[in-house]
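# Coordinates in review
For reference, the chains in residue letters:
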Amino acid sequence: MSTENAGMTGHLRSVVITTETALGGVLAGVASAALATSATDQLGLAIMVGALIANIGVLRLLGIDVSEFGAKDHLFNAFMTFSLWFVTWGVFLTTGVTL
């Protein structure tokens, strides 16, 4: 039995994907707080959609084969990015912090 491992283990792969999508959502929330003028500004939503698209590219750069992703994987990535964006931007909006 070889002790060498070609690529990431299943657990490490899951941790990398979850971390990247969560950080992508937080960064999108911060960018929305910095660039959008109010909660009804459509730019905030556009930033979040851009983060969803950018997540796929970042995952590829991290060595994750996104061609293996099914609908469930893409929905998980979208949910994580959206929910962290929503919470982050919501905190900025309710506290009145400007960047």
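As the structure is a computational prediction, the values presented were derived from the model and not from experiment. (Residues numbered from 1 in each chain as written. Predicted model: local features only at pLDDT ≥ 70, side-chain atom pairs only at ≥ 80, totals over all residues. Heavy atoms only, no water.)

## Considerations on the side chain of Thr-81
Tracing the backbone shows Thr-81 in helix H3 (residues 71-95). A polar contact is formed between the side chain of Thr-81 and the backbone oxygen of Asn-77, at a distance of 2.9 Å. Residue contacts for Thr-81: discarding those within four places in its chain leaves Thr-21, Gly-24, Gly-25, Ala-51, Leu-52 and Asn-55. (Helix = DSSP H or I, 4+ residues; strand = E, 2+ residues; numbered from the N terminus. Polar contact = N/O pair within 3.5 Å; in protein donor to acceptor, adjacent residues only side chain to side chain. Contact = heavy atoms within 4.5 Å.)

## Quick word on the side chain of Ser-32
With respect to the secondary-structure elements, Ser-32 resides in helix H1 (residues 10-35). Overall, the relative accessible area of 0% leaves Ser-32 in the buried class. Those residues within four positions of Ser-32 in sequence are excluded, and the remaining contacts are Gly-44, Ile-47, Trp-85 and Trp-89. (Buried < 20%, exposed > 50% of the residue type's maximum accessible area, 1.4 Å probe, protein only.)

## Brief notes about H3
End to end, H3 covers 36 Å across 25 residues, agreeing with the expected 36 Å (1.5 Å per residue, within 8%). Of all the positions in H3, only Asn-77, Met-80, Thr-81, Ser-83, Trp-85, Thr-88, Trp-89 and Phe-92 are classed as buried. Its buried side turned inward, H3 meets H1 and helix H2 (42-61). Downstream of H3 by one or two residues, Gly-96 has phi in the positive range, about 75°. (Expected span 1.5 Å × (residues − 1).)

## A word on H2
Taking 1.5 Å of rise per residue, 20 residues should cover 28 Å, and H2 covers 29 Å from first to last C-alpha, within 8% of that figure. Burial in H2 covers these residues: Gly-44, Ile-47, Met-48, Ala-51, Asn-55 and Leu-59. Looking at the buried residues of H2, the elements they touch are H1 and H3. One side-chain oxygen of the residue at the start of H2 lies 3.1 Å from the amide nitrogen of Leu-43, identifying that residue as Asp-41. Just downstream of H2 lies Gly-63, where phi reads positive at about 90°.

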